[in-house]
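Below, each chain spelled out in residue letters.
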Amino acid sequence: MNVYDFCYLLSDDAEEVAVWDYRTEAEIFCGPARDLMLEDFRECEVLGIDIDKFSERPAVIILNIETEEEVDEW
């Protein structure tokens, strides 16, 4: 399932979703699912799902993905 498909399955598109990229080892997105569906990495496969309920922010769904490496065009 890719990021777009996951967001499409949510019953509330205002749900806060964060995206963690394994390649860059950084959070690359945090916001409502409706905005996530428009991002460049929406076609990336979801490798894992978690819920961050221990941080200062309200509970957030975390999608783990791996973006493609950037390719230099000659």
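Residues numbered from 1 in each chain as written. Predicted model: local features only at pLDDT ≥ 70, side-chain atom pairs only at ≥ 80, totals over all residues. Heavy atoms only, no water.

Q: Can you walk me through the pairing of strand E1 (residues 16–21) in this structure?
A: A regular strand carries its side chains on alternate faces of the sheet. As judged from the 6 bridges shared by E1 and strand E2 (residues 26–32), these two strands associate in the antiparallel manner. Paired with Val 17 across the bridge in E2 is Gly 31. The hairpin turn running from E1 into E2, its antiparallel successor, is 4 residues long, and Glu 25 in that turn takes a positive phi close to 55°. Here E1 runs beside strand E4 (residues 60–65); their pairing, made up of 5 bridges, is parallel. (Pairing = 2+ DSSP bridges. Helix = DSSP H or I, 4+ residues; strand = E, 2+ residues; numbered from the N terminus.)

Q: How do you make sense of the sheet that holds E1 when you look at a structure like this?
A: The strands making up a sheet associate through hydrogen bonds between their backbones, and the pairing can be parallel or antiparallel. Spatial strand order, E2-E1-E4-E3: 4 strands in an open sheet with mixed pairing. Of all strands in the sheet, those with a lone pairing partner are E2 and strand E3 (48–52), marking the two edges. Going across the sheet, the axis of each strand differs from the next one's by a mean of 25°, ignoring polarity. (Axes fitted to C-alpha atoms, helices over the stretch in contact; angles between N-to-C directions.)

Q: I'm lost on unusual backbone geometry in this one. Help?
A: We note that Glu 25 has phi near 55°; this positive angle belongs to a residue other than glycine. Considering the arrangement of structural elements, one finds Glu 25 in the loop between E1 and E2. Here Glu 25 falls in the exposed class, since its relative accessible area comes to 62%. (Buried < 20%, exposed > 50% of the residue type's maximum accessible area, 1.4 Å probe, protein only.)

Q: It is not clear to me how the confidence of the model for the protein chain should be interpreted in this structure. Could you clarify?
A: A low pLDDT means the predicted coordinates there should not be read in detail. When the pLDDT values of the protein chain are averaged, the result is 88; 92% of them are 70 or greater. Looking over the protein chain, one finds the lowest element-wise mean pLDDT in E3, namely 91, and the highest in helix H2 (residues 33–36), namely 95. (pLDDT = per-residue confidence, 0-100.)

Q: Would you mind going over the environment of Thr 67 with me for this structure?
A: With respect to the helices and strands, Thr 67 occurs in the segment after E4. Owing to a relative accessible area of 13%, Thr 67 belongs among the buried residues under this scheme. Measuring from C-alpha to C-alpha, the distance between Thr 67 and Ile 49 comes to 16 Å, with 18 residues separating the pair along the chain. Setting aside its immediate chain neighbours within four residues, Thr 67 contacts Asp 21, Arg 23, Ile 28, Phe 41 and Cys 44. Of note is the side chain of Thr 67, whose polar atom sits 2.6 Å from the side chain of Asp 21. Here the side chain of Thr 67 touches Arg 23 through a polar contact of 3.2 Å, side chain to side chain. (Contact = heavy atoms within 4.5 Å. Polar contact = N/O pair within 3.5 Å; in protein donor to acceptor, adjacent residues only side chain to side chain.)

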